[in-house]
Structures are given as structure tokens and as C-alpha cells.
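Observations on chain architecture
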Amino acid sequence: MRHIFEFVPKSVKPSTGSFIQSRLSGKLLASVVSNRIKSTAASRPRNLIRGRFKAPRLTEVEAFTASLPFDRRLFRHDIRGSAAHARMLAKVGLISKSEARRIVRGLMQIEREIETGRFRFELADEDIHLAIERRLTEIAGAAGAKLHTARSRNDQVALDLRLYLADEIGTLADLLDRLRRSLIAVAEQHVETVMPGYTHLQRAQPVSLAHHILAYVEMFGRDRQRFAQALERTRVMPLGAGALAGTTLPIDRRAVARELGFPRLAENSIDAVSDRDFAADFLFAAALCAVHLSRMSEDIILWATAEFGFVQLPDEFSTGSSMMPQKKNPDLLELFRAKSGRLLGDLTALLATLKGLPMAYNSDLQEDKERVFDALDTLKPMLDLAAKLWPRLTFDVERMRAAAGDSALATDAAEELVRAGVPFRKAHEMVGALVSEALAAGKRLEDLTEADLRRYCGAHAHAIRRLLSAQTSLRRRRVIGGPAPAEVRRRLAQLKRQ
Ligand code: ARG
């Protein structure tokens, strides 16, 4: 006979990251991870919702269908929601004040039991909601049995996930802010550091390192907005929808929303229990944020090659090779790149789960949580580590400057001709011929003499010769959003005020 644990999904251990430990205290983490979930016929607890059945479920079925191994991560939020629900029940007179007190006290005791690893998780409980309710009936007896009045697990789980995600999005926003501040601090040191800007991965026009870094800051700024929007759609209170059609009992949904800090109520009970758009919004924001981290990683990986030689990775962030003693590998950044694929997978998996679902709640929706948890566990360490990496990168400023000079100034030369009245297409052609001659002679554009230039640009040769330096080129691109130091400083000041 196969052992029951073969069917238990892997525990919910978050990947890494000090901030995770700080949110989930070390002790709690250990208890959530180490508490094996038990399921033996002898210790089988009374199941709260199997009154109509004659036989218990097959243990394999129990193990396969249970969400407890992963949704116990929601215990705090489940308890918060239940306490608010109980207070509301007392407020409208569906239970007495003293019953509400016993329920809330029982819930607090359960929270401590879970935090200290004393709570007995049983697979037969199916999920965190029934596990807590079962224990509450043990602690608070008849009062505990009243908690689920006018509530279904369908609106309960929607509430829990929304509460949990709202907190987590707050953490992500903080991490994003930290990363942006770290990038801004590095950018401030490199406003005058000229480097080649690339299109098609070919040297195109000189930019500054600061300007390049601030491009990431803009990307992560949009991520920040997207998380804020996802948060707005997450903070909608579903409780009161019941299974899907509300309740005949005189509940007060507004009181629950107020206590839990939700600004809005779900306005349709069917939508309230079937909607996971907020999770999809979040997963999209997370996936795109990871894509941004991946693109940033790819830049640094390229810059750290001997071919580019723009940057040195810090030892603390690099890995060696098991065979080649000289190697210093950017594994961390390669994994950032790969993990963005994983986040795309989380988003795709949820969308695929939602796509064929009839209204309203279906058990398929139980699969939403692991995607959300995985996305959080993957993205949070990435943001944390990226913020720590940037201040430790060592840039070879001289090498960047030298690379920027290399024939990347042709557009500036053409623009100078335009100033003198030459139509841009004509100027493009003239400078193209110049570049071709320089290449044939093995020279760089800035090495050409005024006499060389005169053959192609006639009277404009002098003006162009004066401009042919990457530094000058940079200074003159002062257009709003451009790389000129003056413009970059303006944007930096604006970003720092945000
Ligand atoms: N464990 C379920 C989930 O995660 C809770 C809701 C279950 N509702 C039900 N009717 N089976 O979605």
C-alpha cells in the first residue's frame, strides 16, 4: 500500500529571503513547514460537512483534493476574517455578544497554536477554513458551531485570498521602492559616464550610464503603478455572497468591510465568489515586473562578459565553475532571467484555469492560490537581491567611454548638416559616405581630420569636427527625456521627490 504522504503536495516553504522570514517569523515558518499533515483512520477528526455521507472519503482522494498543505498559509487572514464575521453576527443579533467573545477568543488561541506549531493539521479537514472551524468547535463548543452562519467557504476563501494578497502587495510595493532608490543612487554617480547606447545590440548613439539606469527606474515605476491597480481591485469585500446567492439572514456586509479595511463591497454575489480577476491582475503585474528584472539581468550579464568588460560582478553575488578555476559566473542573474519564465507560467496557469469555468464557484478555483504564492515567493527575493546588487557593481567607466566614441556619432553629424539647411535624407547619405570611408581607412569617425570631413560635408566640416566627441554629443541631446546630463539631473530630482 502506498503511503499517504506520497499524495501530499510539497509543503509551502517559501523560497528564500530575509523579508519572508520577517513576515513569517522563524518559529512560525518552521512550524508551518515541519508540521506534517496527518491522515490516519484512527486519528481521523470529525468532518464538519459530511453529514449526508455514509462512508468517509478514500484517503487518496482526501489527499489529492485537500488544499490544506498550501492554504494553511492563509491562517492569519482566515482568522481575521472570521473574527470580523463573528462580531458582525453579534451586532445584528444572529449570535449573542458572549458567543462572539468566545469565538474571537477561540480564534486567537488557534492563531497561537498554529504559530507555535502546536496545531494538529489533519488532511481530513480539507482546507484551512475547515481546519480552523473544526478546532474552534473543540474549543468554543456550541458558539464555535455558529461561526459559519450566513457564510460559505466560497465567499470565505475569496475573502482570505484578498486579505492575504493585499498585505503581500504592500510588501512588494516596498521592495520595488527600495530597488528604485538603489538604482537612483547608482545613477546619481554616473550622470557624466558616457557609454554606447544600443539598438539591435549594435552601437547606436552615446548615452550615459545614468540614463540607462533610469530607464529601469521608469520600468519599475510602472510596475509599482500596476501593483497599486491590482491592489485596488483586490480590496473588494466578497463576504455575504455566501455560496453564490447571498443569504436570507439580516447580515451587515458594510460592517465587515469597515472592520477589515475594505473600501468597497462586491456588488454581485455570483461574481463575488467566482471572480479571480484580482489574482490575474496581480500575476500579470508580477510577471511583467519579472520580465523587467530579466531584461535588466541580461544587460548586466552582457556587460560582465570579457567582450564588453563594462562591469565587474561582486564576489558575493557570483558563482565559480566546478571545472574551470578562472570562471566567475553570473548565476544569480541567469536565474532571474529563468524565473521570469516561471512567473509567466503562473499567470498562464491561472488564466487557463479560469477560461472554461461556468459560473459561479468551482473547485478549479482552489488552484489559484499556489500560483499566487509561487509568484510571491519567486518575485520577492528577486526584488530584494536586485536592490542589494546594484550598489555593489563596479563599472569600468573608461572602457564604456572608449566604446561610446566608436562611430556612434554619425547621427549628430547628420543633424549638424540639418541645422545648416541640408535635408535630413541628404545629410544621412553624406555622413553614410563619410562613415564608409572611415571604415575603409580603419579609422573612427572622431579620428577624421577637418580635411577628411570637408570632402563630404564641405563648408560644414569645421562645425562637425568640433562636435565629434561622445561627451559633446551627450551634452547636446537635451530634449525632454533625453540623455544630456542636465536633463537626467532634472529627472533624477523629480524621481527623488516622488
Ligand atoms: N479549499 C477551497 C478553495 O481553496 C475552499 C472553498 C471550497 N468550497 C467548496 N465548495 N468546495 O477554493
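Computed from a predicted model, the values in this text were never measured in an experiment. What you see as residue numbers is a count from 1 along each chain, following the sequence as written. Local features in this predicted model are restricted to residues whose pLDDT is 70 or higher, and side-chain atom pairs enter the listing and the counts only when it is 80 or higher, whereas totals over whole chains, interfaces and linings include all residues. Side-chain metrics rest on all non-hydrogen atoms present in the structure, leaving aside hydrogens and water.

Observations regarding the overall build of the protein chain
Our working definition: Numbering of helices and strands runs from the N terminus, with a helix taken as a DSSP run of H or I at least four residues long and a strand as a DSSP run of E at least two residues long. As defined in this context, the radius of gyration uses C-alpha atoms, and a globule is described by 2.2 Å times the residue total to the power 0.38. When accessible area is computed with a 1.4 Å probe and restricted to protein chains, residues below 20% of their type maximum are described as buried, those above 50% as exposed, and intermediate ones as partly exposed. Residue contacts are counted whenever heavy atoms from the two residues lie within 4.5 Å of one another. Surface accessibility in these figures is a Shrake-Rupley result with a 1.4 Å probe; residues are shielded only by whichever protein chains are displayed. In this tally, Lys and Arg are treated as positive and Asp and Glu as negative; His is ignored, and so are the chain termini. Note on charges: their place is set at NZ of Lys, CZ of Arg, CG of Asp or CD of Glu.
Across its full length, the protein chain carries 21 helices and six strands. Taken over C-alpha atoms, the radius of gyration comes to 30 Å for the protein chain, far larger than the 23 Å a tight globule of 498 residues would show. Across its three principal axes, the protein chain shows a C-alpha extent of roughly 100 × 55 × 40 Å. Counting only residues that meet the buried cut, the protein chain has 50% of its 498 residues in that class. Nonlocal contacts in the protein chain, meaning residues at least 24 apart in sequence, comprise 76% of its contacts between residues at least 6 apart. Looking at the protein chain as shown, the accessible area adds up to about 23,500 Å², and 53% of this sits on carbon and sulfur atoms. Taken as two groups, the 78 positive and 61 negative side-chain charges of the protein chain have centres that lie 4 Å from each other.

Topic: the pairing of strand β2 (residues 202-208)
Test applied: The pairing criterion is simple: DSSP has to find at least two bridges between the two strands.
Sheet topology note: the strand β1 (residues 194-199)/β2 ladder contains six bridges and is antiparallel. Across the sheet, the residue bridging to V194 is S208, located in β2. Counted between consecutive antiparallel strands, the loop separating β1 from β2 contains two residues, among which H200 sits at a positive phi close to 55°.

What to know about helix α13 (residues 331-355)
The criterion, for reference: To estimate how far a helix should extend, the number of its residues minus one is multiplied by 1.5 Å.
Look at α13: 36 Å from first C-alpha to last across 25 residues, which is about the 36 Å you get at 1.5 Å a residue. Within the sequence span of α13, burial applies to L333, F336, S340, L343, D346, L347, L350 and L354.

Quick notes on unusual backbone geometry
That bond from M359 to A360 is cis: its omega, 0°, falls within 30 degrees of zero. When you line up the elements, A360 lands in the loop between α13 and α14 (368-389). The backbone of A150 shows a phi angle near 60°, a positive value even though the residue is not glycine. The backbone of H200 sits at a positive phi, close to 55°, despite the residue not being glycine. With respect to the helices and strands, the residue H200 is situated in the loop between β1 and β2.

Considering a nonpolar patch on the surface
For the record, the criterion: Like charges within 9 Å and nonpolar side chains (Val, Leu, Ile, Met, Phe, Trp, Tyr) within 5 Å are joined into patches, using only residues over 30% in relative accessible area that form no salt bridge. Salt bridge criterion: a side-chain nitrogen from Lys or Arg within 4 Å of a carboxyl oxygen from Asp or Glu.
Taken together, the side chains of L244, I270 and M359 present a nonpolar region at the surface, about 280 Å² in accessible area. Its location among the elements puts L244 in the loop between β3 (236-237) and α10 (253-260). Note on L244: relative accessible area 38%, which makes it partly exposed.

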